[in-house]
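# Examining the three-dimensional arrangement
The residues making up each chain are set out below.
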Amino acid sequence: MEQILGIDVGATGIKGGIVDLKKGVIIGEKKKIKTPSPATPENVMLVLEQLISEFSWQGKPLGIGFPAIVKNGTVWTASNIDDSFIGFPLEEELHKRISAQVSIVNDADAAGIAEMTFGKGKHMKKGLVIMITLGTGIGSSLFFDGKLIPNTELGHLLYKKSIFERYASNSAKEKKALSWKNWGSEVNVYLNHLNHLFSPEAILIGGGVSKHFDKYKSYIDVNTFVDTAQLLNDAGIIGAAMSIKHKI
Ligand code: BGC
């Protein structure tokens, strides 16, 4: 079980790659298919089956990171996917269709697991570490003494009669055409809020936009250690693949 297919389901794309579980790296090329619209269970499962066959991974175990609360393989929220996913037992239904062992976890939890094992978090095994992913939504993963507390959804903390995700995600920056300064200031409010609520040892920032940290780090002023994640966009795929370890 050294190589496992990992798939990261996002609001815009569904990406996969074969992961070397010992090294925490993706082997060979990644493949990406546009997220179907509407992103209903049936449409998403068709894309997942297509990706599995493109990797010739039929019948073999795989792990999937999914952008919602996932408990025991069932999806419980739908911020950036179709509402018909709420209450859908994705793990069980997919298992029936592909006849393979499959593990489904929250996408930010998957990214966090990878970062805490192979990225900057691997030396952060004491106290509380929060990793957030700034993408279409804001995902979060919380680790205490290195152990994941799943499905924390800290992007949904209330802010300005709405939630932080609508102000500090990458899609908020794009939708409102915010400058790095204006968007960075919203991210700063968000990080300070997290620090105030949780007093973490460190906050790691992941998601595609984290690679532009240089452009907004001067607007970030938080009284705890803040850094970017190391694995960037691969973290979701790597962590998804790692999640199967708990199933086998
Ligand atoms: C969802 C989370 C997800 C995050 C990142 C949020 O809108 O509620 O479950 O982790 O987006 O995809």
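Placed above this text is the structure.
My aim in this report is to walk through the structure given alongside it, one point at a time. Everything quoted here is computed from the prediction, not taken from an experiment.

### Regarding the packing of helix 3 (residues 107-118) against helix 8 (residues 235-242)
Packing of helix 3 against helix 8 brings their axes to within 7 Å, and their N-to-C directions diverge by 90 degrees. Classified by the interaxial angle, the pair formed by helix 3 and helix 8 is roughly perpendicular. Residues A110, A111, I113, A114, T117 and F118 of helix 3 form the contact with helix 8, whose own contacting residues are A235, G236, I238, G239, A240 and M242. Looking at the contact of helix 3 with helix 8, its residues break down into nine nonpolar, three polar and no charged.

### Some remarks on the layout of surface pockets
Here the largest pocket defines a volume of roughly 810 Å³. Considering the residues around the largest pocket, the lining is formed by 43 residues, among which G10, D107, T133, G135 and T136 are closest to the centre. Broken down by secondary-structure element, the contributors of at least two residues to the lining of the largest pocket are strand 1 (3-9), strand 2 (13-20), helix 3, strand 8 (128-134), strand 9 (138-144), helix 5 (170-175) and helix 8. Per element, the largest residue contribution to the lining of the largest pocket is four residues, and it comes from helix 3.

### As for helix 2 (residues 90-98)
Along helix 2, the positions that sit buried rather than exposed are L90, E91, L94 and I98. Buried positions in helix 2, seen along its axis, are confined to an arc of 90 degrees and lie on one side of it. Check the buried side of helix 2 and you find it contacts helix 1 (41-54), strand 4 (62-66), strand 6 (74-75) and strand 7 (102-106). After helix 2 finishes, the residue S99 shows a positive phi value of roughly 50 degrees.

### Looking at the packing of aromatic side chains
In total, this model carries nine aromatic pairs according to the counting rule given. Ring centres 4.9 Å apart and planes at 80 degrees place the aromatic pair W183 and Y216 in the edge-to-face group. On the criterion of sequence distance, the pair formed by W183 in helix 6 (residues 180-198) and Y216 in helix 7 (residues 213-216) is long-range, its members being 33 residues apart. The class of W183 is buried, set by a relative accessible area of 0%. In this structure Y216 comes out as buried when scored by relative accessible area, which is 0%. One aromatic cluster in this structure is built from Y159, F164, Y167 and Y190. The ring of W57 is capped by K60, whose NZ or CZ atom sits 3.9 Å from the centre of that ring. If you follow K173 out to its NZ or CZ, it ends over the ring of W180, 4.1 Å from the centre.

### Re the nonpolar core
In this structure, I7, L62, I64 and F66 are the most contacted members of the largest nonpolar core, which totals 31 residues. At the level of elements, strand 1, strand 2, helix 1, strand 4, helix 2 and strand 7 are the ones that each hand at least two residues to this core. The leading source of residues in this core is helix 1, at six residues. For F66, the contacting residues outside a window of four places in its chain are V9, V44, V75, I81, F85, L90, I104, V105, N106 and D107. Formed by 25 residues, the second largest nonpolar core is a distinct cluster that contains I130, Y190, V209 and I220.

### A short note on the sheet that holds strand 10 (residues 147-149)
Taken in spatial order, the five strands of this open sheet run 10-9-8-13-14, and their pairing is mixed. Edge positions in the sheet fall to strand 10 and strand 14 (225-228), since each of these pairs with one other strand and no more. Shown here is a sheet whose adjacent strand axes are inclined to one another by a mean of 25 degrees, direction ignored. Contacting strand 8, strand 9, strand 10 and strand 13 (202-206), helix 3 crosses the sheet at an angle of about 45 degrees to strand 9. This element, helix 6, spans strand 8, strand 9, strand 13 and strand 14 of the sheet and lies at about 155 degrees to strand 8.

Parameters at a glance
- Residues numbered from 1 in each chain as written.
- Predicted model: local features only at pLDDT ≥ 70, side-chain atom pairs only at ≥ 80, totals over all residues.
- Heavy atoms only, no water.
- Axes fitted to C-alpha atoms, helices over the stretch in contact; angles between N-to-C directions.
- Helix = DSSP H or I, 4+ residues; strand = E, 2+ residues; numbered from the N terminus.
- Parallel < 35°, antiparallel > 145°, perpendicular 65-115°, else oblique.
- Contact = heavy atoms within 4.5 Å.
- Nonpolar A, V, L, I, M, F, W, Y, C, P; charged D, E, K, R; others polar.
- 1 Å grid on protein atoms, 1.4 Å probe; cavity = no way out; pocket = protein on both sides within 12 Å on 5 of 7 lines; lining within 4 Å.
- Points joined across faces, edges and corners; volume = space filled by probe spheres on them.
- Buried < 20%, exposed > 50% of the residue type's maximum accessible area, 1.4 Å probe, protein only.
- Arc of directions from axis to C-beta.
- Phe/Tyr/Trp six-rings, centres within 6.5 Å; stacked < 30°, edge-to-face > 60°.
- Lys NZ or Arg CZ within 6 Å of the ring centre and 35° of its normal.
- Core = buried A, V, L, I, M, F, W, Y, C linked by side-chain atoms within 4.5 Å.
- Pairing = 2+ DSSP bridges.

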